[in-house]
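Report on the structure
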Amino acid sequence: MNTTGVASVGGIRLHYTRAGSGPLVVLLHGWPQTSLCWEPVLGRLAAGHTVVAPDLRGYGLSDKPATGYDKRRMAADLAELIGSLGFERASVVGHDRGARVAHRWALDRPDQVERLAVLDIVPTREMFRRLDASVGSAYWHWLFHLQPDLPERLVGRDVRGYLEYFFERWTYNRHGLPAEAVDAYVRAFSRPGALRAGFDDYRAHEEDLALDDSDAAAGRRLTMPVLALWGSAGLPARLPTLEIWREYAEDVRGFEIAECGHFIAEERPDALVAHLRDFLPGGASLT
């Protein structure tokens, strides 16, 4: 049975869904979504784990403050969240922007992140280091979202049209996501402050890159087991994704998921659960 709650962390309120019992697994969504994206897998993961799926700072039903979208602050929100729920450690599964928060969380607090799964991304630092014509054409939305004020003005006139563009283009079958999920995401990003907060997540790139470069210069890498998954039709499929992650982690395995686009939990939930069964502590209990 799923329950919902609100925790006060970092001066804001984070909304979350919780299910199951056992070792903690935290699920972090990306843009342009909310914690709803985990619905196809949450119940199955909860068969042997406590599963917590929060709406990140600025997203969904969580607060949308004017500041705090650097990944260190967003990761600190989650560290405080699990502490408030009585946990000291967690396995973390992050998708898209949530995987970038998860990456920073694992770097800043390796004693707290037991295992890390990153879905359909390469590290932010590598995105900008590899920004040639091919990467730029695939990740054009990053550069658009970085602009001050303009994305809000243009997207605000047709939130549904903008989000549906990605749900169609970034799925393997090009049918998009289920209508009820799309409706929920459109409602979420139509709330006051939601578009601005989502774009501010991208606009924190200078702070995020400075931290990433500092870690790289110091030779700091992820020390916990890492699982990298990407869709065969996702944007990271254009890159040597596993080789890239091996530069950032000491113990990493990676797999491409066939006939899958960007939204792995919703497009290929069975495949995702199967990979997590082999990766998570107690994963053998997953069905």
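Fair warning: this is a prediction, and the values are worked out from it, not measured in the lab.

Each value, and the rule that gives it
- Residues numbered from 1 in each chain as written.
- Predicted model: local features only at pLDDT ≥ 70, side-chain atom pairs only at ≥ 80, totals over all residues.
- Heavy atoms only, no water.
- Salt bridge = Lys/Arg side-chain N within 4 Å of Asp/Glu carboxyl O.
- Helix = DSSP H or I, 4+ residues; strand = E, 2+ residues; numbered from the N terminus.
- Buried < 20%, exposed > 50% of the residue type's maximum accessible area, 1.4 Å probe, protein only.
- Phe/Tyr/Trp six-rings, centres within 6.5 Å; stacked < 30°, edge-to-face > 60°.
- Disulfide = S-S within 2.5 Å.

**Concerning the pattern of salt bridges**
Oppositely charged side chains are able to pair whenever their charged atoms sit close together. For the structure on display, the rule yields 23 salt bridges. Across the pair Arg57 and Asp77 runs a salt bridge, and its minimum N-O distance is 2.8 Å. Residue Arg57 is located in the loop between strand S4 (50–54) and helix H2 (71–84), and its partner Asp77 is located in helix H2; the two are separated by 20 residues in the primary sequence. The pair Arg57 / Asp77 is uniform in exposure class, with both members buried. Across the pair Arg220 and Asp215 runs a salt bridge whose closest N-O atoms are separated by 2.2 Å. A relative accessible area of 44% means that Arg220 is categorised as partly exposed. With a relative accessible area of 5%, Asp215 lands in the buried category. A single salt-bridge network, built from bridges that share partners, covers Arg72, Arg104, Asp108, Asp212, Asp215 and Arg220.

**What about the packing of aromatic side chains?**
Taken as a whole, this structure holds 18 aromatic pairs when the rule is applied. The interplanar angle of 35 degrees and the centroid separation of 6.4 Å between the aromatic rings of Trp140 and Phe144 together place this pair among those described as tilted. Highlighted residues: Trp140 and Phe144, both in helix H6 (residues 140–145), separated by 4 residues, approximately one helical turn. Its relative accessible area of 31% is what places Trp140 among the partly exposed residues. Taking 5.0 Å as the distance between ring centres and 80 degrees as the angle between the ring planes, the aromatic pair formed by Tyr162 and Phe166 counts as edge-to-face. Of this pair, Tyr162 and Phe166 both sit in helix H8 (residues 159–169), 4 residues apart, which is roughly one turn of that helix.

**Brief notes about the state of the cysteines**
Under the defined criterion, the tally for this structure stands at 0 disulfides. Cys260 supplies the cysteine sulfur nearest to Cys37, a cysteine that is in no disulfide, at a spacing of 12 Å.

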